Each structure stands twice: as C-alpha cells, then as structure tokens.
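Chain by chain, the residues run as shown.
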Amino acid sequence: MWGLADNPLYLHVLATVTKIPVSAPRAGNMMCTGAALLAQCAAEERPLSVILESGVAGSNVSVYNPISELVGYYEQKYKVYSCMVTEQIKYREMMHEGLQ
C-alpha cells in the first residue's frame, strides 16, 4: 500500500464531495515515479507539463467520477459537521469562562 491513492472508497468519496472527477495512478509507488519525472524534467531541461503531456505519467490511471446520488448526502453531513464545530467552540468558551 502506498497511501490514499490505493483506496478506491476514499477516491470515490473525494470525487463525490468535490463534485469533480479524480484521477489516480495505477502504478505501485507514485513517490518514486514522481521523483523520476522530476529528474527527467531537470535532465532534459523541459518543463514538467511538457513531460506529463507526452503521456509518460498519465497513460495508466483510474478515473473516479462523482456519484450524483450521494452528493446531497455529503452536503448534509457537512452541515451537521459545521453545526458540531460551532457548538464545540461555544462549549470551549463556556469552559474557559468558568475557569477564569
């Protein structure tokens, strides 16, 4: 395992929450791949965008599209989370007032 890019559930949730498709490499260790791409960029004195456009890194990716049926669900979850954060701030202030 090399991180969250290997977790399809996380990638589907990320795509749905942000409402944009998420691309993830199918390669094993993308840190090494990224380092190799940067080294190639430095050695050839070409911008990284040119190297990426040539298909070196983007040829083997999975695309996770937002799940439209779940967008509303995650929006509601965020509203609940926001309310919880607001309430937590109030509780913290109440506790500090009582200690002063």
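Residues numbered from 1 in each chain as written. Predicted model: local features only at pLDDT ≥ 70, side-chain atom pairs only at ≥ 80, totals over all residues. Heavy atoms only, no water.

Pulling in residues and values, what's your account of the side chain of S62?
Inspection of the secondary structure puts S62 in strand β2 (residues 61–64). For S62, a relative accessible area of 18% gives the class buried. Sequence-distant contacts of S62, defined by excluding residues within four places in its chain, comprise V22, S23, A24 and R26. (Helix = DSSP H or I, 4+ residues; strand = E, 2+ residues; numbered from the N terminus. Buried < 20%, exposed > 50% of the residue type's maximum accessible area, 1.4 Å probe, protein only. Contact = heavy atoms within 4.5 Å.)

Tell me about the pattern of salt bridges, and name the residues and values.
Throughout the structure, instances matching the rule amount to two salt bridges. Close ionic contact of E75 with K19 constitutes a salt bridge, the shortest N to O distance being 2.7 Å. Note that E75 is positioned in helix α4 (residues 68–99) and K19 in the loop between α1 (8–18) and β1 (22–25), a separation of 56 residues in sequence. Classification of K19 by relative accessible area gives partly exposed; the value is 47%. Between K90 and E87 there is a salt bridge whose closest N-O contact spans 3.3 Å. Residue K90 and its partner E87 are both found in helix α4; the two are separated by three residues, about one turn of the helix. (Salt bridge = Lys/Arg side-chain N within 4 Å of Asp/Glu carboxyl O.)

Before we move on, can you summarise the packing of aromatic side chains with the specific residues and values?
Summed over all chains, the structure comprises two aromatic pairs. When the ring of Y73 is compared with that of Y74, the centres are 5.2 Å apart and the planes differ by 75 degrees; the resulting orientation is edge-to-face. What makes Y74 partly exposed here is its relative accessible area of 22%. When the ring of Y78 is compared with that of Y81, the centres are 6.2 Å apart and the planes differ by 35 degrees; the resulting orientation is tilted. Here Y81 and Y78 lie together in helix α4, a separation of three residues that amounts to about one turn. Y78 sits in the exposed class, given a relative accessible area of 54%. (Phe/Tyr/Trp six-rings, centres within 6.5 Å; stacked < 30°, edge-to-face > 60°.)

Summarise the pairing of β1; cite the residues concerned and give the values.
Of the two faces of β1, only the one carrying V22 and A24 is buried; S23 and P25 on the other face are not. Here four bridges tie β1 to β2, and the two strands are oriented antiparallel to one another. Considered in β2, the bridge of V22 is made with Y64. (Pairing = 2+ DSSP bridges.)

How would you sum up the nonpolar core? Please name residues and give values.
Judged by nonpolar contacts, L11, A15, V22, A24 and Y64 together constitute the single largest core of five residues. Breaking this core down by element, the ones donating at least two residues are α1 and β1. With sequence-adjacent residues up to four places away left out, Y64 is seen in contact with P8, L11, H12, A15, I20, P21, V22 and A24. (Core = buried A, V, L, I, M, F, W, Y, C linked by side-chain atoms within 4.5 Å.)

I'd like a rundown of α1, residues and numbers included.
Looking at α1, one finds that the buried residues are L11, A15 and T16. The buried residues of α1 occupy one face: seen down the axis, they fall within an arc of 130 degrees. At the N-terminal end of α1, a side-chain oxygen is found 3.1 Å from the backbone nitrogen of L9, two or three residues along, and the residue is N7. Where α1 terminates, the next one or two residues include K19, which has phi positive at roughly 60 degrees. (Arc of directions from axis to C-beta. Polar contact = N/O pair within 3.5 Å; in protein donor to acceptor, adjacent residues only side chain to side chain.)

Worth remembering: the numbers are spatial, not functional.
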